[in-house]
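What follows is each chain in one-letter form.
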Amino acid sequence: MAFDYVIVGGGLAGCALASRLKSAKPNVSILLVEAGQDPAPEHDTVTPLGGFALQNSALDWKFPTAPTPSTAGRTHTLTHGKTLGGGSVLNYGGWSRGDPPDYDVWARILGGDKRWSYEGLLPYFKRSEEFYDPKASAEHHGFEGPIKVTSNNHSHEARRYPLREPIEKGWKELKVERNLDPFTGRLAGLSDFYESWKDGKRQPSHLAYSLDGVTVKTATPVLQVIIDDSAKPPKAVGVMLDGGEIVTAKKEVILSAGSLQTPRLLFRSGIGDPDAILARGISPRHALPGVGQQYFDHFALFQWFKLKNPSRGLAIGHPALSDPVFVAGMPADFNNNEGVPREILEKALDEDGVTGAEREALLQPGRVFVETLVVYHPLGPFPLDGSVLCTSVMLTLPSSRGRISLAEDPDAPYPVIEPNYFTTALDRACLIYGVRRLLELMFKTEAMKEYIEEEELVFEGFEPLKLGSTDKDIENRIRAVGQAHFHAAGSCPMGTVVDGDLKVKGVDGLRICDASIFPSPLGGHPMASLYAIAEQAADIIAAEA
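Let us look at the structure shown here. (Residues numbered from 1 in each chain as written. Predicted model: local features only at pLDDT ≥ 70, side-chain atom pairs only at ≥ 80, totals over all residues. Heavy atoms only, no water.)

### Description of the environment of Pro526
Let me state the cut-off plainly: In this description a helix means any DSSP run of H or I spanning at least four residues, a strand means any run of E spanning at least two, and both kinds are numbered starting from the N terminus. Here the term buried applies to any residue with accessible area under 20% of the maximum for its type, exposed to any over 50%, and partly exposed to those in between, with areas from a 1.4 Å probe on protein chains only. In what follows, residue pairs with any heavy atoms lying within 4.5 Å of each other are defined as contacts.
Summarising the element assignment, Pro526 is placed in the loop between β23 (510-512) and α15 (527-544). Residue classification places Pro526 among the buried positions, given a relative accessible area of 16%. C-alpha of Pro526 to C-alpha of Ser96: the two residues are 430 residues apart in sequence and 7.4 Å apart in space. Those residues in contact with Pro526, other than ones at most four positions away along the chain, are His487 and Phe518.

### Re the packing of aromatic side chains
What counts here: In this analysis, rings of Phe, Tyr and Trp, with Trp reduced to its six-membered ring, are considered paired at centre separations within 6.5 Å, and the interplanar angle assigns stacked below 30 degrees, edge-to-face beyond 60, and tilted for intermediate values.
Within this structure, the stated rule accounts for 20 aromatic pairs. With a centroid separation of 6.3 Å and an interplanar angle of 70 degrees, the aromatic rings of Trp61 and Tyr414 are classed as edge-to-face. Residue Trp61 is located in the loop between α2 (48-52) and β3 (63-64), and its partner Tyr414 is located in the loop between β19 (403-405) and β20 (416-418); the two are separated by 353 residues in the primary sequence. The exposure class assigned to Tyr414 is partly exposed, which follows from its relative accessible area of 29%. Clustering of aromatic rings is evident, with ring pairs tying together Tyr103, Trp106, Tyr118, Phe125 and Phe518.

### Side note on the side chain of Ser516
Inspection of the secondary structure assignment puts Ser516 in the loop between β23 and α15. On the basis of relative accessibility, which here comes to 0%, the residue Ser516 falls in the buried class.

### Observations regarding the environment of His154
In this structure, His154 sits in the loop between β6 (147-151) and α6 (164-173). Note on His154: relative accessible area 46%, which makes it partly exposed. The spacing of His154 and Ala72 is 82 residues in sequence and 42 Å in space, taken between C-alpha atoms. Excluding residues that lie within four positions of it along the chain, His154 makes contacts with Tyr132 and Asp192.

### Digging into the packing of helix α1 (residues 12-24) against α15
The following threshold applies: To get an axis, fit a line to the C-alpha atoms, keeping to the stretch in contact for a helix; angles then go from 0 to 180 degrees between the N-to-C directions. Each crossing gets its handedness from the near helix: less than a right angle anticlockwise from the far helix is left-handed, clockwise is right-handed. Three classes are used: nonpolar for Ala, Val, Leu, Ile, Met, Phe, Trp, Tyr, Cys and Pro, charged for Asp, Glu, Lys and Arg, and polar for all others, with Gly counted as polar.
Across the interface, α1 lies against α15 with an axial gap of 8 Å and an inter-helix angle of 35 degrees. Of the two possible hands of crossing, α1 and α15 adopt the one that is right-handed. Between α1 and α15, the contacting residues are Leu12, Ala13, Ala16, Leu17, Arg20, Leu21 and Ala24 on the first element and Met527, Leu530, Tyr531, Ala534, Glu535, Ala537, Ala538, Ile541 and Ala542 on the second. Looking at side-chain class alone, the contact of α1 with α15 contains 14 nonpolar, no polar and 2 charged residues.

### Focus: the pattern of salt bridges
How we decide: Any Lys or Arg side-chain nitrogen located within 4 Å of an Asp or Glu carboxyl oxygen qualifies as a salt bridge.
Under the criterion given, the structure shown has 31 salt bridges. Here Arg20 ties to Glu535 by a salt bridge, and the two come within 2.9 Å at their closest N and O atoms. Within this pair, whereas Arg20 is found in helix α1, its partner Glu535 is found in helix α15, the two being separated by 515 residues in sequence. Under the relative-accessibility criterion, Arg20 is labelled partly exposed at 23%. Given a relative accessible area of 1%, Glu535 falls into the buried group. Across the pair Lys503 and Glu544 runs a salt bridge whose closest N-O atoms are separated by 3.2 Å. Here Glu544 lies in helix α15 and Lys503 lies in the loop between β22 (483-484) and β23, a separation of 41 residues in the sequence. Each of Arg164, Glu168, Arg178, Asp192 and Asp333 takes part in one network of salt bridges that share partners.

### Concerning the sheet that holds strand β5 (residues 129-131)
Applicable threshold: In this scheme, strands are said to pair when DSSP sees at least two bridges between them.
The strand order across the open sheet formed by 3 strands is β5-β6-β8, and the pairing between neighbours is mixed. The sheet is open, and its two borders are formed by β5 and β8 (194-195), each paired with just one other strand. Its contacts with the sheet place helix α5 (residues 118-128) against β5 and β6, and it is angled at close to 70 degrees to β5.

### Re the pairing of strand β12 (residues 246-255)
For a regular strand, the rule is simple: side chains alternate between the two faces of the sheet. When strand β1 (residues 2-8) meets β12, the two strands line up parallel, connected through 6 bridges. Across the sheet, Ala2 pairs through a bridge with Thr248, a residue of β12. As judged from the 3 bridges shared by strand β11 (residues 235-241) and β12, these two strands associate in the antiparallel manner. Note that in β12 the partner of Val239 across the bridge is Val247. Between β11 and β12, which follow one another and run antiparallel, lie 4 residues, and Gly243 among them has a positive phi close to 105 degrees. Both β12 and β23 contribute to a ladder of 3 bridges, which runs parallel. From the neighbouring strand, Val253 faces β23, where its bridge partner is Leu510.

### With respect to the side chain of Glu195
Applicable threshold: Polar contacts, as used here, are pairs of N or O atoms within 3.5 Å; protein pairs need one atom able to donate a hydrogen and one able to accept it. Residues neighboring in sequence count only if both atoms are side-chain atoms.
Looking at the secondary structure, you find Glu195 in strand β8. Its relative accessible area of 1% is what places Glu195 among the buried residues. Polar contacts involving the side chain of Glu195 include one to the main-chain amide nitrogen of Met330, which spans 3.2 Å. Apart from the residues lying within four places of it in its own chain, the contact partners of Glu195 are Gly93, Trp95, Lys148, Val149, Thr150, Asn152, Ser155, Arg159, Ala328, Gly329 and Met330.

### A word on the layout of surface pockets
Spelled out, the test is: Residues are said to line a cavity or pocket when one of their atoms sits within 4 Å of a point; the points come from a 1 Å grid over protein atoms alone, cavities being sets where a 1.4 Å probe fits but cannot get out and pockets being open sets with protein on both sides within 12 Å along at least five of seven lines. Grid points are joined across faces, edges and corners, and a volume is the space filled by probe spheres set on the points.
Estimated volume of the second largest pocket: approximately 410 Å³. Lining the second largest pocket are 19 residues, with Glu358, Arg401, Pro519, Ser520 and Pro521 positioned closest to its centre. When contributions to the lining of the second largest pocket are tallied by element, the ones reaching two or more residues are α4 (100-109) and α11 (356-362). Grouping the amino acids of the lining of the second largest pocket by side-chain chemistry returns 10 nonpolar, 5 polar and 4 charged.

### A word on unusual backbone geometry
In this structure, Pro233 follows Lys232 across a cis peptide bond, with omega equal to -5 degrees. Backbone geometry places Lys175, a non-glycine residue, at a positive phi of 70 degrees. The residue Lys175 is located in the loop between α6 and β7 (189-192) in this model. On the basis of relative accessibility, which here comes to 73%, the residue Lys175 falls in the exposed class. Here the phi dihedral of Phe486 falls at roughly 65 degrees; this positive angle occurs in a residue that is not glycine. Secondary-structure assignment places Phe486 in the loop between β22 and β23.

Below is the structure:
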């Protein structure tokens, strides 16, 4: 078989890229090859609660990490879509962009490449979305894209959660400003939770973006990229499928396998640190030591809180909230995105030895370091009886960096993942601060005192966190039970592994288009940014075709 373009990975970015590239260049042939299955009709990938149940299913890679010293030696299991549509089939549908300064750091890392600044990406954010409010600013929003984006408060007139007003008042007591539109250049503040559900149904990328004219091959792992190293520079000429079949790429191979699989495929193809590759019995094809070296994720602490007098009908599980509209998306009202006081940041940055432009960027006023969600559903090991809330406090700009490497058996389906979560003073200071702010919301504010009884413990050996808990108490809890939000990124970053055109440095005919190219973290959840990256990648590739 031979195609002009072979896209490896039919996840969120791969499907969007294939669709847009085919639309721009109708005469080119495109193969989209996905290791996982087409989810229909066996799996419920459309309804919210059905999608939530897909973690740990056949549609999830369930990547195991190495034991992680910084999190009490625990081995984490990372959810990662193993299906056509990828993470857009398994995620919770939250829709947000990072702060403009987050993307502007990308442009700086790339030597001033404005395409990857916020202003450079804005047209692609807009192209991907169909924003629900036609009266919203056309400067900041798109209205004709494939992904319907809605504020949960406007998704249905009956979807009114009883704790919305108390939570809003509680954050106001803590001096958090209301942010009525977090897509207009400022992420910080209390904003409605925006989501990519449409009429209570999920919009997976392989359905939202038309794949008409694209050849799609599912349940087909790719073993490696075929590199012609007799060419100068070496050139990607195709891929080897599971079973040994070779598919020729007449123009390019594009890796969209995700931040955990894309570096493994590069290693397996002889691209990366030559010594590490050779140690696994593979002939090095091209030296690129940055592959796998800057992996990061949004690390978080999840907690549960027992409600006072739950018979009032405050959370999902109570008969008062039995209307299906209450679970037609994430049962939550707000994202609270907050900065951290400068004195806390400076002390942590001093301890980490961060100087120069990186330090200046992190100390820029308005940067967001933590996101807090309060969810009116336990989403965990509690009876669904309306008595428990779940919360998440998430690092948005983690500075800890992990590593992806090849397993001892180079044909193993999983790489070695060393996440190194929570290893910097900055991450510790910011996440502890965020958890303390949540405790203040729950136990200190007048608005919430009458609703929250105490923290409900899931794990033995701990005391409930309270207002009087010390930083060490909070840190110990985070180390013992903290986990990632499954927003893996950065393992093949722009600047070191790929250039601004997403071409793998030093190899012709090979690009990457997935979250592995993030050169630094973004505030917010990554889905909207991934669609924007795929949209821009399609334009870049089409312009060269």
